[in-house]
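Here is what each chain is made of, one letter per residue.
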There are 6 protein chains.
Amino acid sequence: MGHSATWFQQLRKLSYANISGGLIEKGQSRVIDASLTLIRERAKLKGELVRSLGGVKASATLLGIPLGHNSSFLQGPAFAPPRIREAIWCGSTNSSTEEGKELNDPRVLTDVGDVPVQEIRDCGINDDKLMNIISESVKIVMEEETLHPLILGGDHSISYPVVRAISEKLGGPVDILHLDAHPDIYDAFEGNKYSHASPFARIMEGGHARRLLQVGLRSINKEGREQGKRFGVEQYEMRTFSRDRQMLENLRLGQGVKGVYISVDVDCLDPAFAPGVSHIEPGGLSFRDVLNILHNLQADVVAADVVEFNPQRDTVDGMTAMVAAKLVRELTAKISK
Amino acid sequence: MGHSATWFQQLRKLSYANISGGLIEKGQSRVIDASLTLIRERAKLKGELVRSLGGVKASATLLGIPLGHNSSFLQGPAFAPPRIREAIWCGSTNSSTEEGKELNDPRVLTDVGDVPVQEIRDCGINDDKLMNIISESVKIVMEEETLHPLILGGDHSISYPVVRAISEKLGGPVDILHLDAHPDIYDAFEGNKYSHASPFARIMEGGHARRLLQVGLRSINKEGREQGKRFGVEQYEMRTFSRDRQMLENLRLGQGVKGVYISVDVDCLDPAFAPGVSHIEPGGLSFRDVLNILHNLQADVVAADVVEFNPQRDTVDGMTAMVAAKLVRELTAKISK
Amino acid sequence: MGHSATWFQQLRKLSYANISGGLIEKGQSRVIDASLTLIRERAKLKGELVRSLGGVKASATLLGIPLGHNSSFLQGPAFAPPRIREAIWCGSTNSSTEEGKELNDPRVLTDVGDVPVQEIRDCGINDDKLMNIISESVKIVMEEETLHPLILGGDHSISYPVVRAISEKLGGPVDILHLDAHPDIYDAFEGNKYSHASPFARIMEGGHARRLLQVGLRSINKEGREQGKRFGVEQYEMRTFSRDRQMLENLRLGQGVKGVYISVDVDCLDPAFAPGVSHIEPGGLSFRDVLNILHNLQADVVAADVVEFNPQRDTVDGMTAMVAAKLVRELTAKISK
Amino acid sequence: MGHSATWFQQLRKLSYANISGGLIEKGQSRVIDASLTLIRERAKLKGELVRSLGGVKASATLLGIPLGHNSSFLQGPAFAPPRIREAIWCGSTNSSTEEGKELNDPRVLTDVGDVPVQEIRDCGINDDKLMNIISESVKIVMEEETLHPLILGGDHSISYPVVRAISEKLGGPVDILHLDAHPDIYDAFEGNKYSHASPFARIMEGGHARRLLQVGLRSINKEGREQGKRFGVEQYEMRTFSRDRQMLENLRLGQGVKGVYISVDVDCLDPAFAPGVSHIEPGGLSFRDVLNILHNLQADVVAADVVEFNPQRDTVDGMTAMVAAKLVRELTAKISK
Amino acid sequence: MGHSATWFQQLRKLSYANISGGLIEKGQSRVIDASLTLIRERAKLKGELVRSLGGVKASATLLGIPLGHNSSFLQGPAFAPPRIREAIWCGSTNSSTEEGKELNDPRVLTDVGDVPVQEIRDCGINDDKLMNIISESVKIVMEEETLHPLILGGDHSISYPVVRAISEKLGGPVDILHLDAHPDIYDAFEGNKYSHASPFARIMEGGHARRLLQVGLRSINKEGREQGKRFGVEQYEMRTFSRDRQMLENLRLGQGVKGVYISVDVDCLDPAFAPGVSHIEPGGLSFRDVLNILHNLQADVVAADVVEFNPQRDTVDGMTAMVAAKLVRELTAKISK
Amino acid sequence: MGHSATWFQQLRKLSYANISGGLIEKGQSRVIDASLTLIRERAKLKGELVRSLGGVKASATLLGIPLGHNSSFLQGPAFAPPRIREAIWCGSTNSSTEEGKELNDPRVLTDVGDVPVQEIRDCGINDDKLMNIISESVKIVMEEETLHPLILGGDHSISYPVVRAISEKLGGPVDILHLDAHPDIYDAFEGNKYSHASPFARIMEGGHARRLLQVGLRSINKEGREQGKRFGVEQYEMRTFSRDRQMLENLRLGQGVKGVYISVDVDCLDPAFAPGVSHIEPGGLSFRDVLNILHNLQADVVAADVVEFNPQRDTVDGMTAMVAAKLVRELTAKISK
């Protein structure tokens, strides 16, 4: 929609006097309630079915958050969730992950659809409320026993409300493995505290994570490094990746906390491997580097996200969609039990 | 999602025995109810606001129906609605239609979001029910005084439930101006009575339209012409367009019925003007031809659709999205009063 | 292959002394014989089958000539025949032509495959012989009663050996309707008498055509106009098309000669309609203009070609391939009886 | 460069105190003088040579103005001049215009290169001065007898300093034929009086034109129409083009004034014919429509521009570059005598 | 052609009764004979010339097999052979391989053209016969002393008839080095025993190979691993490539058998290096990884293939064609002696 | 412009007799003087400003050389400098290099614009003079204390006049680190001693370099290796890169000479990382490989170039422009002090 703000701005400009604030607020509340109810009903249906089948402890559960407006540069990630889903199920590859998890077992991977972000914004609902709606949606999924959120972004700003919800729901902080070209830990970007450059500042401030490991960094400035120190972040830059590789391909995380969250910004990959991103930053990880880190990670992965895929910059044949989809598939294998 | 069927098929294959049919059906009912409630709340908020502002009799109201699975060839139209919205509000053109209607008046054009087609299908809900949900959604919009549906497809199969809802709501048939390369009036395509090749057979059978004018035809076979005759359709083929042009650019429709519906299949245009379609059929209308027909049409246009835009075939810079968006803008000028 | 010349040049440079000329010539003769035999067998099989079915007087018969090396600018037309065939039968359009000819009647449209142009050139066989092989191939098709050649180019240089064969086989000149941005009637281009800029000079010199109508011209210089006068060509330039349109859309050709040949250079179309050509020349015909001319032509069309489609310049989704294919389909309707 | 402002802004932010204003101003003056000297020397060389050859009264003379920063949307037109030159001389078309002017006569078309717009801006020189430099450059070309400016834009903002220079140099107003989707006559756009949406307001205010005919309009709002009336502009909208066509294809302009200026915004064409523009506005002229208007125009054309070609939006094979180049070629035929 | 089946199916549907089966079969036999004769004559000519020059023991000999219909997903590889040839000889690189073999020595690399796969299928000839024709073609090449087949695919289904022919001609099994993302060893795919997912099952069943090493695997399911065990295949998955690299870059193969065959599926490469494939599977080999394996392989390489390049998915500038061509060049260096 | 030669050739052909040679030569001299004056004034302004700010010893100073005509294959690198500048300052990345140098300090990176190569050639000035003008331009930059040239090519032929100027200005040879797929050390290419395949032959003959290290080589023939030996070049081929890596990532250069020059041909990178080059040569360096070599190089880097980026082959979103820009950014960090 993109014009959400505009429609409401025009509305206010033209004739705000005629409209009672209460009318707007009440309507917005009803829209929010109905949005959450829809997610809840989808989650309940899936949860009931999976539990009826029995035999699993954890099902990876896709929840799309088509939000792009907190990006500083391009807003294409708002279009990503349907393209990733299409690539996950496209006929060009088989249904098995690299380590043998079968994705066509309906208990392994399920889907509760998207948070209707664009419709919510088009109703004039502001970002404070939107972030709460996202958190609430994640919690609704987690209320269904066995369902574990696997979030399809959207830009990186969504990781804050998602991780906050998980930490609140689990009752304590998690460890985070964060693969990205950028630290996304700036205090704010152009005054926006919800900017896609800032989610990890919000997460660390809120105490939602204990350890935060950042891997793939290659666009980081003085403030990024200082914020890293301030929050005790373990920042691994690409400059030293050949030296750090051995350690990063043998990580063990999450002991003593409520679990591990994995946040994969598609631009952790070199643009040769993932051209469909808003911020092209050469010198990144290969796809195999990422898989080696994930496959060998020892951790109880409770949830994850794949963010910042921008279909408007993808190749004609959707190579980056396939890359994002394979990340989702392999993360499913980490989450499902 | 595209795998909707698959997930449920797998579910049934694996262990249908363990799951009570009631459990599924009840869950589906709740999802359907919640889906319609969300559309209702959005429509109510927009309706209340427009009526508060006052001064209009009819507001064009966008309702997206991201449905692509009834296409015979490519399913990309499921991705169209967000791309059309983005193009409508993109900064490269101004806010006035060719004849001077101001689109940034919030009473002229409003938006109630999308029918969650993919999520509905992913919950295993079948096409009979889905078509009813679409009809119901259209009626919900029309329940709000002044809101007139302007549908963003989706493939052409959606025109059937949409026109049916309008006719039922208005209490009688409409006249239809249908711009298309194909008559879409086949009895069924590969056994699918909801195929995007068949909506006008369903509409005519159901008595939802009195006159049906088809303009732009250039891929029509014997069955298409026979069905046309059977239902009394006025079929204007491109072969004779230079001869028919004068008449088609001076149409008067809708006298004695409940109003006029306009259905624009983007492939009525020559692919030079609209490459982003699933069925490339050279020899079509120019964009100006279409505007001349629409601008000069004398009619009370009660609703309309723009269908079959396929973003996966569009040019890199989204030329066809701009074309679809301008069609929506000019149709808004026909509907809003 | 493209290196054909090179391989033989290297061969000669390195060690021509060691090789007896006779060895090369004999080998080449055997390759030529085998090439023609293969075409003959394919034509015989198709001819026998069509005649067994009975009920037709003329079947359009595809013969591909993947020759691009006589182009002055780009050689991509050598790749065209398989792409046009793919587009003719692709599932996105139906099997009926605009005027109702059914292409899935096996008697209407048949196919004898390609002249193996690249393999012949790779064997060191020169252009004089190659042109004869092309002529011979066309005659082989015509030897089968009812089979009428519908040639898939290739660059425009192939029209000379094709028309020569037809005229010789029929025993007299034909009339030619030639749609093109260029007159292709230069005496030679950079010394090459077989250049794709010269076939109509060769045809007219040889007396293979009586009338030659050129339509769509918009890149023609002084020599082009002088050669036109010299050979009595009827040249219709785009500059005056709006004036000439009425006449060109009501042509009657071929009285008193052996029949009519239609040569369609895809670049007769404006590049908006057919971007996949080597020589982009804005200001051309629309696709509908071309169809209007062809549909209304009164003539006994004995054969035709579609040339200069360059797949290497086509859009990603092959719009020009679809354009070339529709030209072939509609020409089939003119030829088949 | 794009960062021009930035570099100087950083400079000022960091340490403006240390730098004497005089130092900057003096350096800028010397850069401006040297820039104009370079254009003068190129013009003199070309002028001397053309006059030595003799036999012509007017030579079209290319002057590129690679300026994109006054665009409201995309700045790609700054990259256009070298791409248009490449297309003019590319080997895919011949050297003759449609009406037979030979472009390889060195007296018909000459070239004095580009105004170094980016370098000037990078030296911190502001837009008031830049507009004067452009005007001065045009006058320098006109100082050479027989050389007539044929400007390669750049965005449309350049037409103001160009027309101002021509009118001042000739000693009176001109008539202008302006082909465009937009009237570009807004008083200012977002406060920028030099905006590419405003040049014709500046031209009319300054009295540099007597008649202004605008053809191809299809994105015009209330202000655009009011400004048109205010300045007595003859605005022909696409809505009525089929009615106006006859008149527009038989124009006679320039009687009683110093001559006629033609300004062609590439987006006057429908995006099907010219996709490489910043503002895609469907429903425009065909390329042949434009040529019909230009070929039949009776006027003493003293100068012209081709603006708003955006190579960053062109097709991979540069179709719009070919379109812009053919416009330049045909305008050359109007100017050269 | 793609419609081959269709044409014959239509033929049979329409009027099979009228046609004697013998007529069809005899015609098909003559077409097959003529096809093989043409390959034989080309091979003889090349063989005679190479032997006349003397001084070599083995010449790599290109044989194209443009077959795509056994693919499960996309059929583009049928268009590959001419594109690979064009890239081999394109002027952008020099004539020397990385280890110094000179490709412009006519004895090092020769070419016998394509098996006319599409024409054969268009004549109604079935896959059993087609596979025999391919085998026969390979044997015909090998009948010429010194000529060693270097096959240009085509989809991977062609490796079965090729390896079978080689093993039969040499009189015993070979060792195979197979680079691929997939094991292609499934018993059948959707009932097709000739599927491009099954050639290595056919090869191993037939005893045509002793050792089979598969490198680059990353899309393999349970059946793929079980078939691997069943046939004693050495399967090296990408998951462990960093561990296996040392060994794979120092292979020694072929002792005690008739020689070594190398089969390179272009999708063994990560799609970053080779986007032009039907099955995008991230996480593959780099181009240098492949060259390191090939350069250091100690083996008597008797023949090879490069398959599954899909030009319809390649970048606009044909990067994957260049990749396939360089594979062919470096394999030429392994084969030629 | 591309037609420069043509215009002058036409001029000479048509009527050379009428024009005195002196007239041409004098005009050309004045154009050359004015061109150099403009560069001098830009360099002086930037030099004065940087020195006013104080606190730096060396500022990287961009000088564009848009020269493409010495390429053997494609001439697109002539369009590179403005695209690289745009990418350096585009908003998608931050202003800090990987090792923390701040690019928005106006003393770190400055810009003197382009040598007007196309305009110079268009005035009929030959390559001998053009090469001198390039050398002179580099020296003019170096005359400003603290300004160090960072050259934006253009094809590789420009490295010769650039290095010659540096060596002459510094009074002795430099060491050169040369990253490239090709050695570019051929004596001449098709008779052109200034070919982009020959600059390092000219540099070594002239004694302008002491050590020359070539890294990334993978398209080199016998002459390339012999010329390497003749001039004592240290050639590191990709074939052995895994073995040489350790040493190349720890280089120390420039002891005992006047400094180190770095020449980066973008095609040193594998085309996966940098598709926008004229000569696609698979098997190259990764972007991280290049950064590791540059970051760890111990040397006094006095100047550098980034050449052979071809925007006409880049991806739609300009990935290679971003790659070239990051190379320039990281080289800035090596040069600035």
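Per an unreviewed UniProt entry, the recorded name for chain A is Arginase, and the organism is Platanthera guangdongensis. The Sequence similarities (unreviewed entry) field of the UniProt record for chain A holds the comment "Belongs to the arginase family. Agmatinase subfamily."

Trainee: Which residues make up the overall build of chain A, and what values do they have?
Mentor: Across its full length, chain A holds eleven helices and eight strands. For 337 residues, the compact-globule estimate of 2.2 N^0.38 gives 20 Å, and chain A sits close to it at 19 Å. Counting only C-alpha atoms, chain A reaches 65 × 55 × 45 Å along its principal axes. Relative to its 337 residues, chain A shows a buried fraction of 71%.

Trainee: How would you explain the packing of aromatic side chains if you had to name every residue and give the values?
Mentor: Each aromatic ring pair is specified by the distance between its two centres and by the angle formed by the two planes. Scanning all chains against the criterion turns up six aromatic pairs over all chains. For the ring pair F273 of chain C and F273 of chain D, a centre distance of 6.2 Å and an interplane angle of 75 degrees mean the geometry is edge-to-face. Of the two residues, F273 of chain C sits in the loop between strand 7 (260–265) and helix 10 (287–296) while F273 of chain D sits in the loop between strand 7 (260–265) and helix 10 (287–296), which places them in two different chains. Following the ring pairs from residue to residue traces out a cluster consisting of F273 of chain A, F273 of chain E together with F273 of chain F. Sitting above the plane of the F79 of chain B ring, R83 of chain A keeps its charged end 4.5 Å from the centroid.

Trainee: Can you lay out the interface of chain A and chain E for me, pointing to particular residues and giving the numbers?
Mentor: Chain A puts 22 residues into the contact, and the matching count from chain E is 23 residues. Three residues, S92, R288 and D317 of chain A, lead the burial of chain A against chain E; their summed loss comes to 28% of the area buried on that side. Linking chain A with chain E are nine residue pairs in polar contact (both at pLDDT 80 or more), by the criterion used here. The set of elements that each furnish at least two residues to the side of chain A that touches chain E consists of helix 10 (287–296) and helix 11 (319–335) of chain A.

Trainee: Go over the interface of chain E and chain C with me, naming the residues and quoting the values.
Mentor: How big an interface is tends to be stated in terms of the accessible area lost upon association of its parts. In this assembly, 51 residues from chain E lie in contact with 51 residues from chain C. Surface buried jointly by chain E and chain C totals about 4800 Å² across both partners, of which 68% is contributed by carbon and sulfur atoms. Seen at the junction of chain E and chain C, the total is six salt bridges. With a shortest N-O distance of 2.5 Å, D122 of chain E and K46 of chain C are connected by a salt bridge. Viewed at the interface, chain C and chain E are joined by eight residue pairs in polar contact (both at pLDDT 80 or more). Taken together, the elements giving at least two residues each to the side of chain E that touches chain C come down to helix 1 (4–15), helix 2 (21–53), helix 3 (80–89), strand 2 (109–114) and helix 4 (117–122) of chain E. Counting residues per element, the side of chain E that touches chain C draws most heavily on helix 2 of chain E, at 19 residues. Residue composition of the side of chain E that touches chain C, by class: 23 nonpolar, 13 polar and 15 charged.

Trainee: Can you explain helix 10 (residues 287–296) of chain B? Please cite residues and give values.
Mentor: With nine of ten residues buried, helix 10 of chain B is to be regarded as a mostly interior element. Where helix 10 of chain B is buried, its residues meet strand 4 (174–179), strand 5 (209–217), helix 9 (241–248), strand 7 (260–265) and helix 11 (319–335) of chain B together with helix 9 (241–248) of chain D.

Trainee: Before we move on, could you go through the pattern of salt bridges and cite the residues and values that matter?
Mentor: Residues and elements named next belong to chain D. Tallied over the full model, the rule gives 126 salt bridges over all chains. Ionic pairing is found between D289 and R245, a salt bridge with its closest N-O pair at 2.8 Å. Here R245 lies in helix 9 and D289 lies in helix 10, a separation of 44 residues in the sequence. A relative accessible area of 10% places D289 in the buried class.

Trainee: Which residues make up the relation of the copies chain E and chain C, and what values go with them?
Mentor: Superposition of the two copies of the chain requires a rotation about an axis together with a shift along that axis. The transformation that overlays chain E on chain C combines an axial shift of 0.0 Å with a rotation of 180 degrees, and the residual RMSD is 0.0 Å. Overall, the copies show the geometry of a two-fold rotation axis. Measuring from the rotation axis to each C-alpha of chain E, the shortest distance belongs to A34 of chain E, at 3.3 Å. The fraction of interface residues of chain E whose copies in chain C are also interface residues reaches 100%, indicating that both copies meet through the same surface.

Trainee: Can you lay out the relation of the copies chain A and chain E for me, pointing to particular residues and giving the numbers?
Mentor: Its rotation angle being 120 degrees, the transformation that places chain A on chain E also includes 0.0 Å of axial translation and leaves an RMSD of 0.0 Å. On the angle and the small slide along the axis, the relation comes out as a three-fold axis. No C-alpha of chain A approaches the rotation axis more nearly than that of A272 of chain A, which lies at 3.1 Å. Little of the interface of chain A is mirrored in chain E, where only 9% of its interface residues are also at the interface.

Trainee: How would you explain the environment of R202 of chain E if you had to name every residue and give the values?
Mentor: Residues and elements named next belong to chain E. Structurally, R202 is set in helix 7 (residues 199–205). When the C-alpha positions of R202 and Y186 are compared, they lie 9.3 Å apart, and in sequence the two are 16 residues distant. Reaching out from R202, the side chain makes a polar contact with the backbone oxygen of K193 at a distance of 2.8 Å. Reaching out from R202, the side chain makes a polar contact with the side chain of E205 at a distance of 3.0 Å.

Trainee: Any details on unusual backbone geometry? Residues and values, ideally.
Mentor: Among all residues except glycine, the phi angle is most often negative; among peptide bonds, the trans geometry is most common. In the segment running from G153 of chain D into G154 of chain D, the intervening peptide bond is cis, with an omega of 5 degrees. Relative to the assigned elements, G154 of chain D resides in the loop between strand 3 (147–153) and helix 6 (159–170). In this structure, T146 of chain A takes a positive phi of about 80 degrees despite not being glycine. T146 of chain A sits in the buried class, given a relative accessible area of 13%. One non-glycine residue with positive phi stands out, namely E190 of chain A, at about 50 degrees. Assignment of secondary structure puts E190 of chain A in the loop between strand 4 (174–179) and helix 7 (199–205). Note on E190 of chain A: relative accessible area 75%, which makes it exposed.

What counts, and where the lines are drawn
Residues numbered from 1 in each chain as written. Chains lettered and ligands numbered in written order. Predicted model: local features only at pLDDT ≥ 70, side-chain atom pairs only at ≥ 80, totals over all residues. Heavy atoms only, no water. UniProt positions renumbered as here; feature names shortened; annotations may be inferred. Helix = DSSP H or I, 4+ residues; strand = E, 2+ residues; numbered from the N terminus. Rg over C-alpha atoms; globule rule 2.2 N^0.38 Å. Buried < 20%, exposed > 50% of the residue type's maximum accessible area, 1.4 Å probe, protein only. Phe/Tyr/Trp six-rings, centres within 6.5 Å; stacked < 30°, edge-to-face > 60°. Lys NZ or Arg CZ within 6 Å of the ring centre and 35° of its normal. Contact = heavy atoms within 4.5 Å. Buried area = accessible area lost by both parts, 1.4 Å probe. Polar contact = N/O pair within 3.5 Å; in protein donor to acceptor, adjacent residues only side chain to side chain. Salt bridge = Lys/Arg side-chain N within 4 Å of Asp/Glu carboxyl O. Nonpolar A, V, L, I, M, F, W, Y, C, P; charged D, E, K, R; others polar. Least-squares fit on C-alpha atoms with pLDDT ≥ 70 in both.

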